Amino acid sequence: MLQSNCCQNPPFMRDFQSKKVYCKTHFTGLIEDRVQKTINRYNLLKREDHIGLGYSGGKDSTVLLDVLSKLIERFPQCTLTAITIDEGIKGYRDDCLEITQKITQKYQIPHVILSFKHIYGATLDQIIEKSLTMKHAMSACAICGILRRRALNYAARQVNATKIATAHNLDDEAQSILMNLVRGDFSKFIRLTRAPVQKFGSLLPRIRPFVRVTEPEIVQYAYAKELEYHSFPCPYASSAMRNDIRTFLSEMEKKRPSTLQNVVNLHDSLTQHVPKVTNLDPPFLCQKCGEVSTHEVCPVCLLLDNLGFENPLEK
Ligand code: SF4
Ligand SMILES: [Zn+2]
Ligand SMILES: [Zn+2]
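Residues numbered from 1 in each chain as written. Chains lettered and ligands numbered in written order. Predicted model: local features only at pLDDT ≥ 70, side-chain atom pairs only at ≥ 80, totals over all residues. Heavy atoms only, no water.

## What about the pairing of strand β5 (residues 111–115)?
Okay, step 1: Where strand β4 (residues 79–86) and β5 come together, 5 bridges link them in parallel fashion. Bridging from a neighbouring strand, Ile 83 pairs with Val 112 of β5.
Okay, step 2: Remark: the β4/helix α3 (residues 93–107)/β5 crossover connection has right-handed handedness. (Pairing = 2+ DSSP bridges. Helix = DSSP H or I, 4+ residues; strand = E, 2+ residues; numbered from the N terminus. Right-handed = clockwise from strand over helix to strand, strands pointing away.)

## Section: the coordination of the zinc ion (ligand 3)
Okay, step 1: Around the zinc ion (ligand 3), the protein contributes the donor atoms Cys 286 (SG), Cys 289 (SG), Cys 298 (SG) and Cys 301 (SG), at 2.3 Å from the metal centre.
Okay, step 2: Relative to the metal, the 4 donor atoms surrounding the zinc ion (ligand 3) lie at angles of 107 to 113°, and the coordination shape comes out tetrahedral.
Okay, step 3: Look at Cys 286 and you get buried, because its relative accessible area is 1%. (Donors = N, O, S within 2.8 Å, 3.2 Å for Na, K, Ca; no water. Tetrahedral: all angles 85-135°; square planar, octahedral: opposite > 155°, others 65-115°. Buried < 20%, exposed > 50% of the residue type's maximum accessible area, 1.4 Å probe, protein only.)

## Considerations on the packing of helix α1 (residues 24–41) against helix α9 (residues 215–224)
The geometry of a pair of packed helices is captured by two quantities: the angle between their axes and the separation between those axes.
Okay, step 1: Where α1 contacts α9, the two axes come as close as 10 Å, and the packing angle between them is 130°. The angle between α1 and α9 places the two elements in the oblique class. Both α1 and α9 take part in a crossing whose hand is left-handed. Between α1, through Lys 24, Phe 27, Thr 28, Ile 31, Glu 32 and Arg 34, and α9, the contact on the second element is made entirely by Glu 217, Gln 220, Tyr 221 and Ala 224.
Okay, step 2: Here the contact of α1 with α9 is composed, by residue class, of 4 nonpolar, 2 polar and 4 charged. (Axes fitted to C-alpha atoms, helices over the stretch in contact; angles between N-to-C directions. Parallel < 35°, antiparallel > 145°, perpendicular 65-115°, else oblique. Left-handed = near helix turned anticlockwise from the far one by under 90°. Contact = heavy atoms within 4.5 Å. Nonpolar A, V, L, I, M, F, W, Y, C, P; charged D, E, K, R; others polar.)

## What about helix α12 (residues 299–306)?
Okay, step 1: Taken together, the buried positions of α12 are Val 300, Cys 301, Leu 303 and Leu 304. Each buried residue of α12 sits inside an arc of 160° when the element is viewed along its axis, so together they form one side. (Arc of directions from axis to C-beta.)

## Focus on the coordination of the zinc ion (ligand 2)
Okay, step 1: Every protein donor of the zinc ion (ligand 2) is listed here as Cys 6 (SG), Cys 7 (SG), Cys 23 (SG) and His 26 (ND1), and their distances to the metal cover 2.0 to 2.3 Å.
Okay, step 2: For the zinc ion (ligand 2), the 4 donor atoms in the first shell make angles of 101 to 117° at the metal, a pattern classed as tetrahedral.
Okay, step 3: Within one chain, the residues serving as donors to the zinc ion (ligand 2) are arranged as C-C-x15-C-x2-H. Of this pair, Cys 6 sits in the segment before β1 (13–14) while Cys 23 sits in the loop between β2 (21–22) and α1, and the two are 17 residues apart along the sequence.
Okay, step 4: You can call Cys 6 partly exposed: its relative accessible area is 26%.
Okay, step 5: The exposure class of Cys 23 is buried, given its relative accessible area of 1%.

## Overview of the side chain of Asp 172
Okay, step 1: Inspection of the secondary structure puts Asp 172 in helix α7 (residues 170–183).
Okay, step 2: Lacking a salt bridge, the buried Asp 172 has Arg 242 as its closest oppositely charged neighbour, with an N-O distance of 4.6 Å.
Okay, step 3: If we ignore the near neighbours within four places in the chain, the residues touching Asp 172 are Asp 60, Ala 167 and Arg 242. (Lys, Arg positive; Asp, Glu negative; His and termini not counted. Salt bridge = Lys/Arg side-chain N within 4 Å of Asp/Glu carboxyl O.)

## Topic: the site of ligand 1
Okay, step 1: In the region of ligand 1, the neighbouring residues are Cys 141, Cys 144, Arg 148, Cys 234, Tyr 236 and Ala 237.
Okay, step 2: Of the residues assigned to the shell around ligand 1, the class counts are 5 nonpolar, no polar and 1 charged. (Near = heavy atom within 4 Å.)

## Regarding the pattern of salt bridges
Okay, step 1: Counted by the stated rule, this structure contains 19 salt bridges.
Okay, step 2: One salt bridge in this structure joins Glu 32 and Lys 225, with 3.8 Å as the shortest N-O distance. Separated by 193 residues along the polypeptide, Glu 32 in helix α1 and Lys 225 in the loop between α9 and α10 (242–255) bring together distant segments of the chain.
Okay, step 3: Judged by its relative accessible area of 6%, Glu 32 is buried.
Okay, step 4: What makes Lys 225 partly exposed here is its relative accessible area of 30%.
Okay, step 5: In this structure, Lys 225 engages Asp 66 in a salt bridge whose closest nitrogen and oxygen atoms are separated by 3.0 Å. With Lys 225 in the loop between α9 and α10 and Asp 66 in helix α2 (residues 59–71), the pair connects residues that are 159 residues apart, well separated along the chain.
Okay, step 6: Residue classification places Asp 66 among the buried residues on the basis of a relative accessible area of 7%.
Okay, step 7: In this structure, a network of salt bridges that share partners links the residues Arg 41, Glu 173, Arg 194, Arg 208, Arg 212 and Asp 268.

It is worth stressing that arrangement in space is one thing and function is another; only the former is reported here.
What follows is the structure in structure tokens.
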């Protein structure tokens, strides 16, 4: 019979790195230690940081909320605020919001909700509906990604956060690297670094403390700690190109364990050898809204203008 390598407690999960089998308690401790090591390795946190955690109420961000709320006990001057972006996806996000409120109350963590409707004057549903009437419709997730990134930065600034933390895990990270490779987008490929980029203008540094934790480990952590989270699928999710890459990488990981680690490690090494990355795309201030952008007009203003929406961000 399978036995734990850590103690006499029943076995729970095998660590994919050391191949050792852990009990529930030592497994959750292992994940917390790995996140702490990631924070140290990439210098993700300073003692006095106020973290704005992008919190959807789903599995990954709920586990990150749990881990961070524990880890910041070691940084007494660090504070945490959960930020939920309500994109306006009927029958999906409305249900998630209740859960986010319930969970943040349980952890006694300040929580703010900001909607697309409030910041852009339209819900994601309305924006996608309009986009589908256009000749070259963007995918729902591409639109959502552009608008959510801005909304999260906006909300984090409102609560005076110094950094934004998101729950991207090792699988997401390897997928993003490969997606940029497949698209031939050298600039994005190089800019995707694990270390937080210095604050530039109104753009807050982003950190991803889970970049060394796999998706299955997050699932098991949530199970071991009996965490409540929402698991409703987003109705637009199937349109994502990411799905193809995800399927490919998880097949590879099954056949050749450590594939995900290898992709991220290789990217770490490569990016260290490209000097002055920020010079690849000199930042501008968007002519319309004044936000930092790699083009004269930022993607958010471009998107709203192209779709014929009034742009409430315009100065
Ligand atoms: S699946 Fe796509 S549309 Fe749905 S929340 Fe995620 S990024 Fe947005
Ligand atoms: Zn144990
Ligand atoms: Zn703009």
